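Understanding the architecture of this molecule
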Amino acid sequence: MAVLIAFYSLTGTTRTVVAELARHLQADIEEIRCKRYGVSFTGWWRAAADSWRGRLPGIAPATHTARNYDLVVLAGPIWAWHPCPPLRAYVRRERADLPETALLLTHGGSAGQQSLDALQAWVGKPPKARVTITAAEMKSGTYAETVAHFAQTIRPRPPLAPVPPAHVPEVLP
Ligand SMILES: Cc1cc2nc3c(=O)[nH]c(=O)nc-3n(C[C@H](O)[C@H](O)[C@H](O)COP(=O)(O)O)c2cc1C
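Rules used in this analysis
- Residues numbered from 1 in each chain as written.
- Predicted model: local features only at pLDDT ≥ 70, side-chain atom pairs only at ≥ 80, totals over all residues.
- Heavy atoms only, no water.
- Helix = DSSP H or I, 4+ residues; strand = E, 2+ residues; numbered from the N terminus.
- Expected span 1.5 Å × (residues − 1).
- Contact = heavy atoms within 4.5 Å.
- Axes fitted to C-alpha atoms, helices over the stretch in contact; angles between N-to-C directions.
- Parallel < 35°, antiparallel > 145°, perpendicular 65-115°, else oblique.
- Left-handed = near helix turned anticlockwise from the far one by under 90°.
- Nonpolar A, V, L, I, M, F, W, Y, C, P; charged D, E, K, R; others polar.
- UniProt positions renumbered as here; feature names shortened; annotations may be inferred.
- Salt bridge = Lys/Arg side-chain N within 4 Å of Asp/Glu carboxyl O.
- Buried < 20%, exposed > 50% of the residue type's maximum accessible area, 1.4 Å probe, protein only.
- Near = heavy atom within 4 Å.
- Polar contact = N/O pair within 3.5 Å; in protein donor to acceptor, adjacent residues only side chain to side chain.
- Areas by Shrake-Rupley, 256 points an atom, 1.4 Å probe, with all protein chains shown as cover.

What follows deals with helix 2 (residues 41-53). With 13 residues, helix 2 extends 18 Å from end C-alpha to end C-alpha; this agrees with the ideal 18 Å at 1.5 Å per step. As for helix 2, its buried residues are in contact with strand 3 (71-79), strand 4 (82-83) and helix 3 (85-94). Immediately downstream of helix 2, the backbone of G54 shows phi near 75 degrees, a positive value.

Turning next to the packing of helix 1 (residues 13-25) against helix 6 (residues 143-154). It is at 9 Å that the axes of helix 1 and helix 6 come closest, and there the two elements cross at 45 degrees. Put simply, helix 1 runs oblique to helix 6. Crossing of helix 1 against helix 6: the hand is right-handed. On helix 6, the residues touching T16, V17, E20, L21, H24 and L25 of helix 1 are Y143, A144, V147, A148, F150, A151 and I154. Considered class by class, the residues forming the contact of helix 1 with helix 6 number 10 nonpolar, two polar and one charged.

Another point: the UniProt feature "domain: Flavodoxin-like" (unreviewed entry) in the protein. The sites that UniProt annotates as "domain: Flavodoxin-like" (unreviewed entry) are residues 3-86. Secondary structure across residues 3-86 divides into 33% helix and 24% strand, with the first and last C-alpha atoms of the span separated by 20 Å.

On to the pattern of salt bridges, then. Inspection of every chain in the model, using the stated rule, returns seven salt bridges. Of the charged contacts, one joins E31 and R15 as a salt bridge, the two residues approaching to 2.9 Å between their closest N and O atoms. In this pair, E31 sits in strand 2 (residues 28-31) while R15 sits in helix 1, placing the two residues 16 residues apart along the sequence. With relative accessibility at 39%, the residue R15 sits in the partly exposed group. Overlapping salt bridges bring together R15, E31 and R33 as one network.

This next bit is on the environment of S110. Mapped onto the secondary structure, S110 falls in the loop between strand 5 (100-107) and helix 4 (112-123). Taking the C-alpha atoms as reference points, S110 and V73, 37 residues apart in sequence, are found 21 Å from one another. Discounting residues that sit within four places of it in the chain, S110 has contacts with I78 and W81.

Moving on to the environment of P83. Looking at the element boundaries, P83 is found in strand 4. Given the relative accessible area of 2%, P83 is considered buried. Sequence spacing of P83 and W122 is 39 residues, and the spatial spacing of their C-alpha atoms is 10 Å. Leaving out residues up to four positions away in the same chain, P83 has contacts with S51, P77, I78, L105, S115, A118, L119 and W122.

What follows deals with the site of the ligand. Taken together, 19 residues lie near the ligand, and S9, T11, T13, T14 and I78 sit nearest. At a separation of 2.8 Å, an oxygen atom of the ligand approaches a polar backbone atom of L10. One of the side-chain N or O atoms of T14 is found 2.7 Å from an oxygen atom in the ligand. Relative to its free-state accessible area of 650 Å², the ligand is covered by the protein chains to the extent of 84%.

Shown next, in the form of C-alpha coordinates:
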(Lines give C-alpha, C1' and ligand atoms only; values in the text may rest on other atoms or scores of the structure.)
Protein backbone atom coordinates (compact mmCIF):
# COMPACT_ATOMS: atom_id res chain seq x y z
CA MET A 1 0.00 0.00 0.00
CA ALA A 2 1.51 3.33 -1.08
CA VAL A 3 1.27 6.02 1.60
CA LEU A 4 1.95 9.75 1.30
CA ILE A 5 2.28 12.00 4.35
CA ALA A 6 1.43 15.62 3.50
CA PHE A 7 2.42 17.91 6.36
CA TYR A 8 2.99 21.51 7.37
CA SER A 9 5.19 22.50 10.30
CA LEU A 10 6.24 25.96 11.48
CA THR A 11 8.35 25.18 14.55
CA GLY A 12 9.38 21.57 13.87
CA THR A 13 7.11 19.48 16.11
CA THR A 14 4.95 18.03 13.34
CA ARG A 15 8.11 17.48 11.27
CA THR A 16 9.58 15.30 14.06
CA VAL A 17 6.36 13.29 14.37
CA VAL A 18 6.10 12.85 10.60
CA ALA A 19 9.67 11.56 10.36
CA GLU A 20 8.82 8.89 12.96
CA LEU A 21 5.57 7.96 11.21
CA ALA A 22 7.24 7.76 7.80
CA ARG A 23 9.79 5.34 9.27
CA HIS A 24 6.97 3.01 10.36
CA LEU A 25 5.01 3.26 7.13
CA GLN A 26 7.84 3.60 4.61
CA ALA A 27 5.81 6.53 3.32
CA ASP A 28 6.68 9.32 0.90
CA ILE A 29 6.60 12.84 2.35
CA GLU A 30 5.08 15.99 0.89
CA GLU A 31 6.03 19.11 2.83
CA ILE A 32 3.43 21.84 2.43
CA ARG A 33 5.41 25.04 1.94
CA CYS A 34 3.97 28.42 2.83
CA LYS A 35 5.93 31.68 3.07
CA ARG A 36 3.26 33.71 4.85
CA TYR A 37 4.12 32.63 8.42
CA GLY A 38 7.35 32.83 10.39
CA VAL A 39 8.82 32.48 13.84
CA SER A 40 8.37 36.09 14.95
CA PHE A 41 5.71 38.04 16.79
CA THR A 42 4.21 39.21 13.48
CA GLY A 43 4.39 35.73 11.98
CA TRP A 44 2.62 34.13 14.95
CA TRP A 45 0.01 36.86 15.11
CA ARG A 46 -0.74 36.43 11.41
CA ALA A 47 -0.88 32.64 11.87
CA ALA A 48 -3.36 32.88 14.73
CA ALA A 49 -5.49 35.56 13.03
CA ASP A 50 -5.69 33.68 9.70
CA SER A 51 -6.53 30.43 11.46
CA TRP A 52 -9.22 32.05 13.58
CA ARG A 53 -10.77 33.81 10.56
CA GLY A 54 -10.45 30.81 8.20
CA ARG A 55 -8.27 32.75 5.77
CA LEU A 56 -6.34 30.59 3.30
CA PRO A 57 -2.71 31.41 2.42
CA GLY A 58 -0.90 30.61 -0.81
CA ILE A 59 1.10 27.38 -0.76
CA ALA A 60 3.77 26.07 -3.13
CA PRO A 61 2.81 23.53 -5.81
CA ALA A 62 2.84 19.92 -4.64
CA THR A 63 5.76 17.69 -5.54
CA HIS A 64 3.80 14.42 -5.16
CA THR A 65 0.51 13.48 -6.86
CA ALA A 66 -1.97 12.55 -4.14
CA ARG A 67 -4.15 10.39 -6.42
CA ASN A 68 -1.19 8.06 -7.09
CA TYR A 69 -1.33 6.86 -3.47
CA ASP A 70 -3.64 4.47 -1.64
CA LEU A 71 -3.71 6.64 1.45
CA VAL A 72 -2.67 10.20 2.33
CA VAL A 73 -1.90 11.20 5.93
CA LEU A 74 -2.71 14.89 6.51
CA ALA A 75 -0.61 16.38 9.32
CA GLY A 76 -0.01 19.78 10.88
CA PRO A 77 -0.31 21.90 14.01
CA ILE A 78 -3.38 23.47 15.59
CA TRP A 79 -3.42 27.27 15.52
CA ALA A 80 -6.03 29.26 17.39
CA TRP A 81 -8.26 26.22 18.00
CA HIS A 82 -8.29 25.17 14.31
CA PRO A 83 -6.03 23.09 12.04
CA CYS A 84 -3.43 25.45 10.57
CA PRO A 85 -4.38 27.33 7.37
CA PRO A 86 -1.60 25.86 5.14
CA LEU A 87 -3.01 22.37 5.78
CA ARG A 88 -6.48 23.66 4.99
CA ALA A 89 -5.18 25.22 1.76
CA TYR A 90 -3.64 21.87 0.78
CA VAL A 91 -6.89 19.99 1.48
CA ARG A 92 -8.86 22.53 -0.50
CA ARG A 93 -6.56 22.21 -3.50
CA GLU A 94 -6.20 18.39 -3.43
CA ARG A 95 -9.62 17.41 -2.11
CA ALA A 96 -10.96 15.93 -5.35
CA ASP A 97 -7.83 13.78 -5.74
CA LEU A 98 -7.48 12.56 -2.17
CA PRO A 99 -7.72 8.79 -1.72
CA GLU A 100 -8.42 7.37 1.73
CA THR A 101 -6.99 9.64 4.45
CA ALA A 102 -5.67 9.56 8.02
CA LEU A 103 -5.46 12.71 10.15
CA LEU A 104 -2.73 13.80 12.57
CA LEU A 105 -2.59 17.11 14.47
CA THR A 106 -0.01 18.33 16.98
CA HIS A 107 -0.91 20.91 19.62
CA GLY A 108 -0.20 22.43 22.99
CA GLY A 109 -3.11 20.74 24.75
CA SER A 110 -6.34 22.41 23.70
CA ALA A 111 -8.92 21.93 20.91
CA GLY A 112 -7.55 18.58 19.70
CA GLN A 113 -10.84 16.79 19.00
CA GLN A 114 -12.70 19.80 17.63
CA SER A 115 -9.81 20.48 15.25
CA LEU A 116 -9.83 16.86 14.05
CA ASP A 117 -13.58 17.23 13.44
CA ALA A 118 -12.94 20.40 11.43
CA LEU A 119 -10.20 18.77 9.34
CA GLN A 120 -12.44 15.76 8.70
CA ALA A 121 -15.22 18.10 7.55
CA TRP A 122 -12.82 19.85 5.14
CA VAL A 123 -11.80 16.48 3.68
CA GLY A 124 -15.46 15.53 3.39
CA LYS A 125 -15.21 11.83 4.20
CA PRO A 126 -14.35 9.81 7.32
CA PRO A 127 -10.62 9.01 7.71
CA LYS A 128 -9.17 5.58 8.32
CA ALA A 129 -7.62 6.84 11.56
CA ARG A 130 -7.15 10.13 13.43
CA VAL A 131 -4.87 11.17 16.23
CA THR A 132 -3.57 14.21 18.10
CA ILE A 133 -0.19 14.52 19.76
CA THR A 134 0.34 17.00 22.58
CA ALA A 135 3.35 19.03 23.64
CA ALA A 136 3.40 16.96 26.87
CA GLU A 137 3.75 13.73 24.85
CA MET A 138 6.57 15.30 22.86
CA LYS A 139 8.34 16.35 26.05
CA SER A 140 8.02 12.96 27.74
CA GLY A 141 8.84 11.04 24.55
CA THR A 142 5.62 8.98 24.74
CA TYR A 143 4.60 10.38 21.36
CA ALA A 144 6.68 7.59 19.78
CA GLU A 145 4.23 4.99 21.18
CA THR A 146 1.26 6.97 19.94
CA VAL A 147 2.83 7.20 16.48
CA ALA A 148 3.59 3.45 16.44
CA HIS A 149 -0.02 2.67 17.35
CA PHE A 150 -1.34 5.11 14.74
CA ALA A 151 0.90 3.51 12.09
CA GLN A 152 -0.37 0.08 13.06
CA THR A 153 -3.98 1.27 12.66
CA ILE A 154 -3.19 2.69 9.22
CA ARG A 155 -1.24 -0.28 7.97
CA PRO A 156 -1.68 -3.44 10.02
CA ARG A 157 1.31 -5.69 9.79
CA PRO A 158 0.70 -8.53 7.32
CA PRO A 159 -0.03 -11.86 9.02
CA LEU A 160 2.93 -14.12 9.50
CA ALA A 161 3.61 -16.33 6.50
CA PRO A 162 2.11 -19.82 7.00
CA VAL A 163 4.63 -22.28 8.32
CA PRO A 164 5.19 -25.05 5.75
CA PRO A 165 4.36 -28.53 7.01
CA ALA A 166 7.33 -30.38 8.40
CA HIS A 167 8.87 -32.73 5.89
CA VAL A 168 8.25 -36.29 6.99
CA PRO A 169 10.57 -38.60 5.15
CA GLU A 170 8.83 -41.49 3.48
CA VAL A 171 9.59 -44.72 5.25
CA LEU A 172 10.58 -47.27 2.63
CA PRO A 173 9.71 -50.91 3.20
C1 LIG B 1 -0.03 30.87 16.20
C2 LIG B 1 -0.15 29.64 17.05
C3 LIG B 1 -1.39 29.30 17.59
C4 LIG B 1 -1.51 28.13 18.39
N5 LIG B 1 -2.75 27.80 18.88
C6 LIG B 1 -2.88 26.65 19.61
C7 LIG B 1 -4.18 26.22 20.08
O8 LIG B 1 -5.22 26.83 19.83
N9 LIG B 1 -4.25 25.10 20.84
C10 LIG B 1 -3.12 24.38 21.16
O11 LIG B 1 -3.25 23.39 21.86
N12 LIG B 1 -1.90 24.73 20.70
C13 LIG B 1 -1.76 25.84 19.94
N14 LIG B 1 -0.52 26.20 19.45
C15 LIG B 1 0.63 25.31 19.71
C16 LIG B 1 0.94 24.42 18.48
O17 LIG B 1 -0.23 23.77 18.00
C18 LIG B 1 1.96 23.34 18.82
O19 LIG B 1 3.10 23.90 19.39
C20 LIG B 1 2.30 22.51 17.58
O21 LIG B 1 2.80 21.25 17.97
C22 LIG B 1 3.34 23.22 16.71
O23 LIG B 1 3.59 22.43 15.57
P24 LIG B 1 4.82 22.73 14.58
O25 LIG B 1 6.05 22.82 15.45
O26 LIG B 1 4.86 21.57 13.67
O27 LIG B 1 4.56 24.03 13.89
C28 LIG B 1 -0.37 27.34 18.66
C29 LIG B 1 0.87 27.72 18.11
C30 LIG B 1 0.98 28.84 17.31
C31 LIG B 1 2.32 29.19 16.72
